[in-house]
Every structure is written in C-alpha cells, then in structure tokens.
Amino acid sequence: MKRREFIIQTGTIISASVLFPGTILAGSKSAQTLVGSRRPNPDNYPQPIMKAISMGMNAPNPHNSQAWKFKILSDFEALLYLDESRLLHATDPPGRQIHIGCGCFLETLRLGASTLGYTAKYELLPEGEYPLEEAGLKPVAFVKVAASATEPLPLSDSIFSRQTNRSLYEGELMTNSEFDSITALTTAKYSELSFHSAPERLKEMVDILYEGMVVEANTHVTYDESRIWFRSSQKKIETKRDGINLRTDGTKGLLLSIMEFIVNEENEESWHKPTAINAFLKSYGKKIYTAKGIVLFKTQSNTMSDWILTGIDYVRFQLAADQLGYVIHPVSQVLQEYPEMDDLRARFNGLVGVSEPSKIQMGVRIGRGEKLYYSYRREPENLLI
Ligand SMILES: Cc1cc2nc3c(=O)[nH]c(=O)nc-3n(C[C@H](O)[C@H](O)[C@H](O)COP(=O)(O)O)c2cc1C
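Summary of the structure given here. Keep in mind that what you see is a predicted model, and the values were worked out from it rather than measured. (Residues numbered from 1 in each chain as written. Predicted model: local features only at pLDDT ≥ 70, side-chain atom pairs only at ≥ 80, totals over all residues. Heavy atoms only, no water.)

**Quick notes on the environment of aspartate 157**
Here is step 1 of the chain: In this structure, aspartate 157 sits in the loop between strand S6 (141–147) and helix H6 (176–183).
Here is step 2 of the chain: Remark: the alpha-carbon pair of aspartate 157 and isoleucine 312, spanning 155 residues in sequence, is separated by 16 Å.
Here is step 3 of the chain: Engagement of the side chain of aspartate 157 in a polar contact is seen with the side chain of glutamine 323, the distance being 2.5 Å. (Helix = DSSP H or I, 4+ residues; strand = E, 2+ residues; numbered from the N terminus. Polar contact = N/O pair within 3.5 Å; in protein donor to acceptor, adjacent residues only side chain to side chain.)

**Some points on the pattern of salt bridges**
Here is step 1 of the chain: Under the defined criterion, the tally for this structure stands at 25 salt bridges.
Here is step 2 of the chain: With its nearest N and O atoms 3.0 Å apart, the salt bridge here joins arginine 86 to aspartate 242. Of the two residues, arginine 86 sits in the loop between strand S4 (77–82) and helix H5 (96–114) while aspartate 242 sits in the loop between helix H9 (234–240) and helix H10 (253–262), which places them 156 residues apart along the sequence.
Here is step 3 of the chain: By relative accessible area, which is 15% here, arginine 86 ends up buried.
Here is step 4 of the chain: Its relative accessible area of 4% is what places aspartate 242 among the buried residues.
Here is step 5 of the chain: Arginine 347 serves as the salt-bridge partner of glutamate 211, at 3.1 Å between the closest nitrogen and oxygen. With a gap of 136 residues between them, glutamate 211 in helix H7 (residues 199–218) and arginine 347 in helix H14 (residues 342–352) connect regions that are remote in the sequence. (Salt bridge = Lys/Arg side-chain N within 4 Å of Asp/Glu carboxyl O. Buried < 20%, exposed > 50% of the residue type's maximum accessible area, 1.4 Å probe, protein only.)

**Some details on the site of the ligand**
Here is step 1 of the chain: Among the 19 residues in the neighbourhood of the ligand, the closest are listed as Arg162, Thr164, Arg166, Ser332 and Arg377.
Here is step 2 of the chain: A distance of 3.0 Å is found between an oxygen atom of the ligand and a side-chain nitrogen or oxygen belonging to serine 375.
Here is step 3 of the chain: In the complex, 93% of the free accessible area of the ligand, which totals 630 Å², lies under the protein chains.
Here is step 4 of the chain: For the shell around the ligand, the elements supplying multiple residues, two or more each, are H5 and strand S9 (327–330).
Here is step 5 of the chain: Counted by class, the shell around the ligand contains 5 nonpolar, 10 polar and 4 charged residues.
Here is step 6 of the chain: Both domains that meet at the shell around the ligand, namely domain 1 (5–162) and domain 2 (176–367), each give it at least three residues. (Near = heavy atom within 4 Å. Areas by Shrake-Rupley, 256 points an atom, 1.4 Å probe, with all protein chains shown as cover. Nonpolar A, V, L, I, M, F, W, Y, C, P; charged D, E, K, R; others polar. Domains from an automatic or database assignment.)

**Details of a nonpolar patch on the surface**
Here is step 1 of the chain: Taken together, Leu254, Ile258, Phe261 and Ile262 make up a surface patch of nonpolar side chains, about 500 Å² in accessible area.
Here is step 2 of the chain: Its location among the elements puts phenylalanine 261 in helix H10. (Patch = residues over 30% accessible without salt bridge, like charges linked within 9 Å, V, L, I, M, F, W, Y side chains within 5 Å.)

So, in structure tokens, the structure goes:
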C-alpha cells in the first residue's frame, strides 16, 4: 500500500502508515509506529508482559468478542483465561471456536513480542483441560516473556495488516501452486490443511457453506448472537471497541449510510424480520460466491488442545496469506455444534470425508481483495483479573 493519506468513512483523516503500519514499516522495531488509534499501544505499558499482551490483542477471534482476561503474575509472566462473560453460547456451544481464538492470541503475542525485543513462550492448559463451566476459572495458558536480542520473527510484520475480509474477492480462481506458496511460509504444525478450487468442487462447497448461513440466520438464538455483537455506528464501534459491523463487511459510501440508518441491533424484532434476514443473506451470498478457493483445517481428534493449536496454525496461515497479498474469511457456520445445524454439519462432513473424532476446525474462503475498514480492540488494562 502506498504511504498516503486517506479519509476513512467517518471523515477522519488518518495516515495510512498509522492505520496499516505493518505493511509500510515492515521490520521496524519502533512500537510507536506499529500501532494506530484502534489497537492497544505497547508503549503505554512499562511491563514487558503488558507490551506482549498488547500485541496479542491484534489476533483474529470469533465475533471480535475478545473473550480474554489476564492474571499478571510478574512483569514477565501472566496467565491467559477466557472471559466467561464473552462466550458465544449459541453458535459455539462447546467453546471450541473461542479456544481457537485463544490460540490465535497466543501466537500473535509470541510473534508480536519479537518485534519489541522479547522472546515469548506459552504453555497451554497448565491445569489441564476443563469443562466449559470452568471457563474463566482455569487458565488457557501460562505466558512468559524475556528480553533478548531477537530479530522480529517471520510473519510478525503482517500483524497489523492482516484482517478478515468478508467482501467481494477479485480475479482468477487460485491455483494449487499459489496455495503452496502460502504454506511454504508457514507449514501447519498441528492441523492438516486442504485446498479446494476446482470449479465444481468449489461450487459444491460454497453451496453448503452458504446454506450454513441460511440455517444460522433462521435460527433465532444463533442469529441473535450476531445482533448482540453488532455495532451499527462509528460511535458504537469506537466506544465498545469490539464486535462486528457493516464496515468490516466492505459496505461503504451511500449504502453504508442507508444501512446504518436502517439497522438497529437494539430492536430484536426488527433484526429477525424475514425481509431483514433475506436482505442479509442476499448480500452474504453475493460475497461468499466470489471465493477463489476454500481452505480447511482438520485435526485427528477434537480436544481443547486441538482447538487452541488450530488457532496457532490459523493465524500463522492468515499472516502468511497477507504477506503474499491474499485475503481470507472464515465461514464457520456449518462446523458449529448446535442442534439446528446437525444435519447440515453431517452433510458437510460427508462431502469432505471427515468422521468423528476427526473435525474440520476451520473453513475459510480465500482470494484477493482490497483492504477494508480496520477493526478495533479494547485496551488490555481493562482486561485484568
Ligand atoms: C475461530 C474463528 C471463527 C471465525 N468465524 C467467522 C465467521 O464465521 N464469519 C466471519 O465473518 N468471521 C469469522 N471470524 C473472524 C472474526 O470475526 C474476526 O477475526 C474478528 O471480527 C476481528 O476482525 P479482524 O480479523 O479483521 O481483526 C472467525 C475468527 C475465528 C478466530
């Protein structure tokens, strides 16, 4: 991206080097230049562990609920817990995806710490796996950082440019060799990745992924979760610094103004009106069918460790894709474990040849697309136990 000033949809003029610093200042060690106003600034914290946590906060995570909290043990050590008040009970009953988000957090922290001159290590589930009722009480990981003369680790310069892209994708279908060029930058350590872009196969998969969204949108409790995490104006986005919104979907210009005027997440009844659901599905379908390939992340078993480890693989894959100019978008609906999705999930598993205890942990569409509105994160000092 060129270093130039541009106007984001609010009318604020902001330097591109601030908004997407990683793309422009790749390799720079200056934390000051690595953060924009939407993300925590590691320079605000004297303690190395808080600097590292600030970097971890940039991780992708389900619904941008940032379901993380921290117990600081010393200037160099902390425990990561799930924030049990931010779980996604309807779309994620086992807590699987929220733990994938923890894996994303830990690996982003490790890579991010290296850009600040620290080596970070994490130990997963120091008190073992736990039932979801104990989320927030039992730690997800122990994290330790140490000052060292380390160089920024590979992939770390994409931490600030990586973003989930839910918009239209452009150009040709991706080839196997393009996919291989991404995995050459990061070999998945814990999950098996498969790539699908043969036209008939791709259509078959996108059809069922789209159907997954139809089920989610027509199931009150799951679609209501989107409402709860939806932020329908710049003011709400800025104040809450979490959740999902139309801007990160690629909606802009006049349509954005109209949509933000119409959509009211505080009105449950209007959110679930068939006309509103159909309008959403139409727009979603238009975007998802521009997929230039599908990538699946599969594990042989389906334990809490598998979930966290898949998150590590997932964020590394996204960072690698970003380095080569590709964008990705998780399309998680058919993988989710609630009764209304059971039949479709079984059909999807049949289509991709997966049976229990193996599990497709993540399914993402991949392609090329423009940079979109940049998502926010909360400040880590508000997330301490
Ligand atoms: C486990 C997991 C599942 C996700 N599933 C979806 C999904 O089904 N649809 C979607 O649009 N985004 C999904 N996301 C992306 C998050 O919504 C996104 O990471 C978050 O909003 C923050 O935005 P960013 O990635 O651009 O920083 C998922 C992310 C993770 C880690």
